[in-house]
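Structure at a glance
One-letter residues, chain by chain:
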Amino acid sequence: MSGLEPFGARLRRAMDERGPLCVGIDPHASLLAEWGLNDDVAGLERFSRTVVEALADRVAVLKPQSAFFERFGSRGLAVLEASVAEARAAGALVVTDAKRGDIGSTMAAYAESFLHKDAPLFSDALTVSPYLGYGSLSPAVALARESGAGLFVLALTSNPEGGEVQHAVRSDGRNVGATMLAHLSAENAGEEPLGSFGAVVGATLGDLSSYDLDINGPLLAPGIGAQGATPADLPGVFGTAVRNVVPNVSRGVLRHGPDTVALRDAAERFAEEIRHAVTSS
Ligand SMILES: O=C(O)c1cc(=O)[nH]c(=O)n1[C@@H]1O[C@H](COP(=O)(O)O)[C@@H](O)[C@H]1O
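Numbering of residues begins from 1 in every chain and follows the order in which that chain's sequence is written. Residues qualify for local features only when their pLDDT is at least 70, as the model is predicted, and side-chain atom pairs are given and counted only at 80 or more; totals for whole chains, interfaces and linings, by contrast, use all residues. To obtain the side-chain values, all non-hydrogen atoms of the structure were included, while hydrogens and water were left out.

As a structural note, the neighbourhood of the ligand is formed by 17 residues, with Asp26, Lys63, Ser158, Gln227 and Arg251 the closest of them. Note that an oxygen atom of the ligand is positioned 2.9 Å from one of the side-chain N or O atoms of Lys63. For the purposes of these results, a polar contact is taken to be a pair of N or O atoms within 3.5 Å, where, inside protein, one atom must be able to donate a hydrogen and its partner to accept one; residues adjacent in sequence count only when each atom of the pair is a side-chain atom. Take Arg251: an N or O atom from its side chain is 2.6 Å from an oxygen atom of the ligand. Accessibility throughout is a Shrake-Rupley quantity obtained with a 1.4 Å probe, and a residue counts as covered only by protein chains that appear here. The protein chains hide 90% of the 500 Å² of surface that the ligand would expose on its own. The secondary structure listing takes helices from DSSP runs of H or I that are at least 4 residues long and strands from runs of E that are at least 2 residues long, numbered from the N terminus. Those elements that place two or more of their residues in the shell around the ligand are strand 3 (93-100) and strand 8 (245-249). In the shell around the ligand, the residues fall into five nonpolar, seven polar and five charged. Any residue with a heavy atom lying within 4 Å of a molecule or strand is counted as near it. When residue character is reported, Ala, Val, Leu, Ile, Met, Phe, Trp, Tyr, Cys and Pro are called nonpolar, Asp, Glu, Lys and Arg charged, and the others, Gly included, polar.

What follows is about the packing of aromatic side chains. Note on ring pairs: Phe, Tyr and Trp rings are taken, using the six-membered ring of Trp, and paired if centres are within 6.5 Å. Classes follow the plane angle, with under 30 degrees stacked, over 60 edge-to-face and the rest tilted. Going through the model one piece at a time under the given rule, you end up with two aromatic pairs. When the centroid spacing of 6.0 Å and the interplanar angle of 90° are considered together, the rings of Phe7 and Phe152 count as edge-to-face. Of this pair, Phe7 sits in helix 1 (residues 7-18) while Phe152 sits in strand 5 (residues 150-156), and the two are 145 residues apart along the sequence. As far as the burial class goes, Phe7 and Phe152 line up, both buried. Exposure is judged per residue with a 1.4 Å probe applied to protein chains only, and the accessible area is read against the type maximum: over 50% gives exposed, under 20% gives buried, and values in between give partly exposed.

Packed helix pairs are specified by the crossing angle of their axes together with the interaxial distance, meaning the distance between the axes. Structural elements are reduced to axes, namely lines fitted to C-alpha atoms, with helices fitted over the stretch in contact, and the angle between N-to-C directions of any two is expressed from 0 to 180 degrees. With their axes 9 Å apart at the nearest point, helix 3 (residues 41-55) and helix 12 (residues 260-279) run at an angle of 60° to one another. By the criterion of interaxial angle, the relationship of helix 3 to helix 12 is oblique. Once helix 3 is placed against helix 12, the crossing between them reads as right-handed. Contacts between helix 3 and helix 12 involve Thr50, Glu53, Ala54 and Leu55 on the former and, on the latter, Thr260, Leu263, Arg264 and Ala267. Orientation labels follow simple angle bins: below 35 degrees gives roughly parallel, above 145 gives roughly antiparallel, 65 to 115 gives roughly perpendicular, and whatever is left gives oblique. Here a crossing is called left-handed whenever its near helix is offset anticlockwise from the far helix by less than a right angle, and right-handed whenever the offset is clockwise. Contacts are residue-level and defined by heavy atoms, with any inter-residue pair within 4.5 Å sufficient.

Quick look at the pattern of salt bridges now. Should a side-chain nitrogen of Lys or Arg be within 4 Å of a carboxyl oxygen of Asp or Glu, the pair is scored as a salt bridge. One pass over the full model with this rule turns up 17 salt bridges. As a salt-bridge pair, Arg71 and Asp39 come within 2.9 Å of each other at their nearest N and O atoms. Remark: Asp39 occurs in the loop between helix 2 (29-34) and helix 3 and Arg71 occurs in the loop between helix 4 (66-70) and helix 5 (73-89); sequence separation between them is 32 residues. The residue Arg145 makes a salt bridge to Glu187 at a minimum N-O spacing of 3.2 Å. Pair noted here: Arg145 is in helix 7 (residues 138-147) and Glu187 is in helix 9 (residues 176-187), with a separation of 42 residues, a long-range link. When its relative accessible area of 42% is taken as the criterion, Arg145 is described as partly exposed. Accessibility expressed as a relative area gives 18% for Glu187, which makes it buried. A network of salt bridges, in which partner residues are shared, links Arg10, Arg88 and Asp124.

Our focus in this paragraph is unusual backbone geometry. Most of the time, phi is negative for any residue but glycine, and the peptide bond is trans. The omega torsion of the bond from Glu192 to Pro193 falls at -5°, within 30 degrees of zero and hence cis. Its place among the elements puts Pro193 in the loop between helix 9 and strand 6 (197-201). Following Gly257, the chain continues to Pro258 via a peptide bond in cis, the omega torsion being 5°. Checked against the element boundaries, Pro258 lands in the loop between helix 11 (251-254) and helix 12. The backbone of Lys99 sits at a positive phi, close to 45°, despite the residue not being glycine. For Lys99, the position within the fold is in strand 3. The residue Asn216 is not glycine, and still its phi comes out positive at about 55°.

The next subject is the nonpolar core. Only buried residues count toward a nonpolar core, which is a set of Ala, Val, Leu, Ile, Met, Phe, Trp, Tyr and Cys residues joined through side-chain atoms within 4.5 Å. Membership of the largest hydrophobic core comes to 77 residues, with the highest contact counts inside it found for Leu62, Leu115 and Phe238. Not counting chain neighbours up to four residues away, the residues in contact with Phe238 comprise Val201, Gly202, Ala203, Leu213, Leu219, Ala221 and Val245. Grouped together as the second largest cluster of nonpolar side chains are 15 residues, Met15, Ala60, Leu93 and Ala125 included.

What follows is about the sheet that holds strand 4 (residues 125-128). Any two strands are treated as partners once DSSP identifies two or more bridges connecting them. Taken together, the eight strands give a closed barrel; going around it, the order is 1-2-3-4-5-6-7-8, and neighbouring strands pair in parallel fashion. This sheet shows a mean twist of 30° between the axes of neighbouring strands, independent of strand direction. Here strand 1 (residues 22-25) runs beside strand 2 (residues 61-64); their pairing, made up of four bridges, is parallel. Within the sheet, the bridge partner assigned to Val23 lies in strand 2 and is Leu62. Packing of helix 1 onto the sheet brings it into contact with strand 2, strand 3, strand 4, strand 5 and strand 8, and relative to strand 3 it is tilted by some 125°. Contacts from helix 9 reach strand 5 and strand 6, with the element oriented near 155° to strand 5.

Without other data, these values stay purely geometric and don't point to any function.
And the structure:
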């Protein structure tokens, strides 16, 4: 199977050309209502299509959150499928946020669903959970390599509850989150200009200088906007690894819809604040 150019290389180029902002497509029921849409498949489709049309030709990454599509069953998944394809066709990289994780043999089927180049839901990258053990992700790592896709592995999540798992200290003295970062570093060793195996590290977490964030891969940083972090926080959280950060904003942009110009303006304001924070750090 001949795949695409590796995700890491495609992402680096998109970040250089468009800036690193990732906008989430999170069609919350409350946002559908704010946009004057019904909480049904037609509302979902209108919402998702509006975001794609407004932003896919200008932001580096769009990240549809699968849960909001799954709420509507097979018809919701059909909307997700069309949104992924339309966003990719318009030039955005698509990270499908489905946070999959299971025993290896089942993980292989999840990988086939999102990372096989002929899969209806093929995405440039997928969010995955390593909390059945990092090794359980190996079928997804292997298929991503073959297809030129990538993964974002939950390492240090943005939510306050994450610490009870991720900060737990192992018998070798390292905590669980740091161990995930070390696995990713090994995965990305020698890759240029950037590896394809990213970590999810919340922008809400404060100073992370005790962690080695230099994994030679992208760091997806949710938490900006609705969860309280700001672009100005990024250098303090990520230190020199900030150059590899892909900051995600979902509600902070989406609440400006449904007007296309207002959505674009909101994304541009975040992009500008991010540019300023990163270049002046
Ligand atoms: O993997 C993610 O994207 C993710 C990881 C994490 O640690 N925290 C987190 O908020 N997310 C996702 O990022 C998005 C954040 O949305 P807003 O809080 O609306 O910007 C949601 O889709 C979350 O599911």
